[in-house]
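What follows is each chain in one-letter form.
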Amino acid sequence: MKKILLVVLFGAILVSCSNDLDDVSSESNSFFNINQGNKWVYKKYESSGFGPSTYSNIIDSVEVVGDEIIEGLNYKKIRHRIYWFANLQNENFEYLRITSNDHLVDSEGVVKHPGFDAEFSYSFIHNYPGTLVPMGETIYQLQATQNEIVEGNSFIISNYQGNFTSYDSMFPNNHIDYKYSEGIGMISNHCPSVSGSYYYEFRLVYYEIN
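Structural notes, computed from the coordinates. (Residues numbered from 1 in each chain as written. Predicted model: local features only at pLDDT ≥ 70, side-chain atom pairs only at ≥ 80, totals over all residues. Heavy atoms only, no water.)

### Some thoughts on the overall build of the protein chain
Helices and strands together make up the secondary structure of the protein chain, namely zero helices and 14 strands. Listed N to C, the secondary structure of the protein chain is β-β-β-β-β-β-β-β-β-β-β-β-β-β in terms of helices and strands. Entry remark: accessible area of the protein chain is about 10400 Å², with carbon and sulfur atoms responsible for 52%. (Helix = DSSP H or I, 4+ residues; strand = E, 2+ residues; numbered from the N terminus. Areas by Shrake-Rupley, 256 points an atom, 1.4 Å probe, with all protein chains shown as cover.)

Here you go:
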């Protein structure tokens, strides 16, 4: 199936850590589709915050290339190839699995998206770098599904959103978005910086799933 249609995070507010205690993988009837051979292509957009975001000429080409056993658990090996002006700049890997409660987690136990689980939430206190002094808190919670157009294509979006509340007037409140569509995967990802108004977004432009 083909249709024309990620995630490194900025600063302390973009850290989302959560241990998923369920160690039993169950990919049947899952919200997610991370079968081997699946592919997704994303364009990266950037904005200084003083105008609309623009295409940065960076592409993230993502493919499920195999399986990896990590501490006795089976993960899917996800390859990211980063292109700039069509030239390959970097290749890296992440490892994802689906738990029996249908959470998508990485090899560190971080919940990347809770799937259907609207009751799941996670809160994180951010300290100033190198200190134990809190600067703000981010609370991650699944939002109500909605229809959204991304790169000219319409999707039913399930947004796992992190809302950052700043304790310091120097830093604005902000939000992080992980927008997925059932059976397809990540549709877009919005990541702001901890200070200033810069943000970037990855937007799906192509996918091929089994």
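The rest of the description comes next.
### What about the nonpolar core?
Membership of the largest hydrophobic core comes to 32 residues, with the highest contact counts inside it found for W40, F155 and L204. The element that contributes the greatest number of residues to this core is strand 14 (residues 199–208), accounting for four residues. Apart from residues no more than four positions distant in its own chain, W40 is found in contact with N33, D60, S61, V62, V64, I184, G185, L204, Y206, Y207 and I209. (Core = buried A, V, L, I, M, F, W, Y, C linked by side-chain atoms within 4.5 Å. Buried < 20%, exposed > 50% of the residue type's maximum accessible area, 1.4 Å probe, protein only. Contact = heavy atoms within 4.5 Å.)

### Things to note about the pattern of salt bridges
Applying the stated criterion to the full structure yields six salt bridges. Between K179 and E148 there is a salt bridge, with the nearest N and O atoms lying 3.0 Å from each other. Taken as a pair, K179 in strand 12 (residues 174–181) and E148 in strand 10 (residues 146–150) lie far apart in primary sequence, 31 residues in all. You'll find K179 and E148 in the same group, each marked buried. One salt-bridge network, in which partners are shared between bridges, spans E151, E201 and R203. (Salt bridge = Lys/Arg side-chain N within 4 Å of Asp/Glu carboxyl O.)

### Some points on the environment of E208
Mapping E208 onto the fold places it in strand 14. Residues E208 and G37, 171 residues apart in the sequence, show an inter-C-alpha distance of 8.3 Å. A distance of 2.8 Å separates the side chain of E208 from the side chain of Y206, its partner in a polar contact. (Polar contact = N/O pair within 3.5 Å; in protein donor to acceptor, adjacent residues only side chain to side chain.)

### Some words on the packing of aromatic side chains
A full pass over the atoms with the stated rule returns ten aromatic pairs. These aromatic residues form a ring-pair network of at least three members: F31, F32, F116 and Y180. The ring of F93 carries K77 above its face, with NZ or CZ at 4.6 Å from the centroid. (Phe/Tyr/Trp six-rings, centres within 6.5 Å; stacked < 30°, edge-to-face > 60°. Lys NZ or Arg CZ within 6 Å of the ring centre and 35° of its normal.)

### Concerning the pairing of strand 10
Where strand 10 lies against strand 11 (residues 153–166), five bridges are found, and the strand directions are antiparallel. Note on strand 11: the bridge partner recorded for I149 is S154. Turn length for the strand 10-strand 11 hairpin, with the two strands adjacent in sequence and antiparallel, is two residues, and the turn residue E151 shows positive phi of about 50°. (Pairing = 2+ DSSP bridges.)

### Section: the environment of D106
Topologically, D106 is positioned in strand 6 (residues 104–106). We classify D106 as buried; its relative accessible area is 13%. Taking the C-alpha atoms as reference, D106 lies 9.4 Å from K76; in sequence the two are 30 residues apart. Discounting chain neighbours no more than four positions away, the residues touching D106 are Y75, Y95, L96 and K112. Among the polar contacts listed, one links the side chain of D106 to the backbone nitrogen of E108, at a separation of 2.9 Å. At 2.9 Å, the side chain of D106 and the backbone nitrogen of V110 are in polar contact.

### With respect to unusual backbone geometry
With a phi close to 65°, N57 is a non-glycine residue in the positive phi region. With respect to the element layout, N57 can be found in strand 3 (residues 54–70). Phi at E151 takes a positive value of approximately 50°, unusual for a residue other than glycine. The residue E151 is located in the loop between strand 10 and strand 11 in this model.

That's the geometry; what it means functionally is another story.
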